[in-house]
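# Results of the structural survey
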Amino acid sequence: MSLKTLIRSYCPNIPFLRRSMSAAKVRSLKAIQLPEEQISKAENSEAEKARVVASLRERWNAQYDKVVGMAQAHYSKADRMLDDGELQDILFCFFAYGFNPDEYLSYGLKAANLEKRLSYISSRDTNVIVYSLNDIVDIDLFYDKWKTYERFAEYYQRSAMLIDKESDYTAFARFIQAHPKFVKKAVRLSKGQSVALVDATGVDDPSALFAELLEGGRTILEEPIVQSDLMSKLNETSVNTVRCITLKTNEGVEVLYTFLKVGRKGSFVDNGGAGGLLVGIDKETGMLITDARDEFANAYPSHPDHGYDFKGLKLPEWDGLMELTKSISAGISGISYIGWDFAHTEHGWVVVEGNGGSQLIGPQIVFQEGIKQHFLDIAESAEAVIPLVL
């Protein structure tokens, strides 16, 4: 059993230990961060950048190879060429700033100078934010999606159950009788991974389906969301959602960024990491104000599969959604930074899920600008576990 597991199990209410764990986590995230002087020097000399990247391969071989694989896979999905020079810069940006290859492509960092690169919050920065502002023990409320459902079931407004052991079969049989079509997802997931719509209508042997689901590990089954007609028009095969990123400050909860996630034709999920489209929202009015963008550096003024226009659409019951988001976030202790996904139904907005480690790639993609300084300015008054230093 690891030290972290022991502390979580036996010393959950000792603030000093929690802060120490958070600080250790942040130190580990920054372990491969390059010194500012080295970054500046390399940005002004391709020869120096090549030397730095070569030295990093010797010191951080596993991370180096992982980034190369990520870059090759992402550029292949984007149907883009990846030459040696760009791969070198991607590797440099990972070690220097913490950008993953999808961020590098989405933010247009290939042609960006030092100032622009520093203006963006990277994936590594986001993880530092998460473990500086959110308690390392309490955050499991969001990493475990079943815990999230149990805590906020009234805002989900749909039935769900957990498959965890053989004795869950009786409840499973009742559930699929009431909901022959259901959504299944792993208890711990991200970017829509493992989410699928299952149709058990006419299944001859429910026990075989149960065994298959159980074999996949702890799995949540949910009654499907029936979205409103307006949201369905955006893309009818996916439940299209709004991501609201909140921060609890000394003045109360603030909704920092909002954007819409829309799926592609035939896809059940809307996540950008799964090929979905992201659209910027004016958080004051609920109006869509940008073209749609994906995580492969493509922009679309209208949906590429069926032509539905995005700009100018006003999302329904917007003020109510903002009030709901703030209200839910305010009642959570130990967690200051949260990303909520909401779907709109004929009965109003419902929670799809909450994310204690919400990435900030979405708002930076849709508005094509870095938000680091804006975030840090607001975070000065945030309820932090340890001081936030990016």
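The model shown is predicted, which means the values in this text are computed figures rather than measured ones.

Let us look at the side chain of Thr126. With respect to the helices, strands and loops of the structure, Thr126 is situated in helix α9 (residues 123–133). We classify Thr126 as buried; its relative accessible area is 1%. Contacts of Thr126, omitting those with residues within four sequence positions, involve Ile121, Tyr337, Ser358, Gln359 and Leu360.

To continue, consider the sheet that holds strand β1 (residues 160–163). Taking strand neighbours across the sheet as the criterion, the 4 strands line up as β1-β4-β2-β3 in an open arrangement whose pairing is antiparallel. Lying at the two open borders of the sheet, with one neighbouring strand each, are β1 and β3 (196–199). Neighbour to neighbour, the strand axes of the sheet diverge by 30° on average, direction disregarded. Bridging between β1 and strand β4 (residues 219–222) involves 4 bridges; their strand directions are antiparallel. By the bridge assignment, Leu162 is partnered in β4 with Ile220. Its contacts with the sheet put helix α11 (residues 145–156) on β1, β2 (181–186) and β4, and the angle it makes with β1 is roughly 170°. Of the strands in this sheet, β1, β2 and β4 are in contact with helix α12 (residues 169–178), which crosses β1 at around 145°.

So, how was this worked out
Residues numbered from 1 in each chain as written. Predicted model: local features only at pLDDT ≥ 70, side-chain atom pairs only at ≥ 80, totals over all residues. Heavy atoms only, no water. Helix = DSSP H or I, 4+ residues; strand = E, 2+ residues; numbered from the N terminus. Buried < 20%, exposed > 50% of the residue type's maximum accessible area, 1.4 Å probe, protein only. Contact = heavy atoms within 4.5 Å. Pairing = 2+ DSSP bridges. Axes fitted to C-alpha atoms, helices over the stretch in contact; angles between N-to-C directions.

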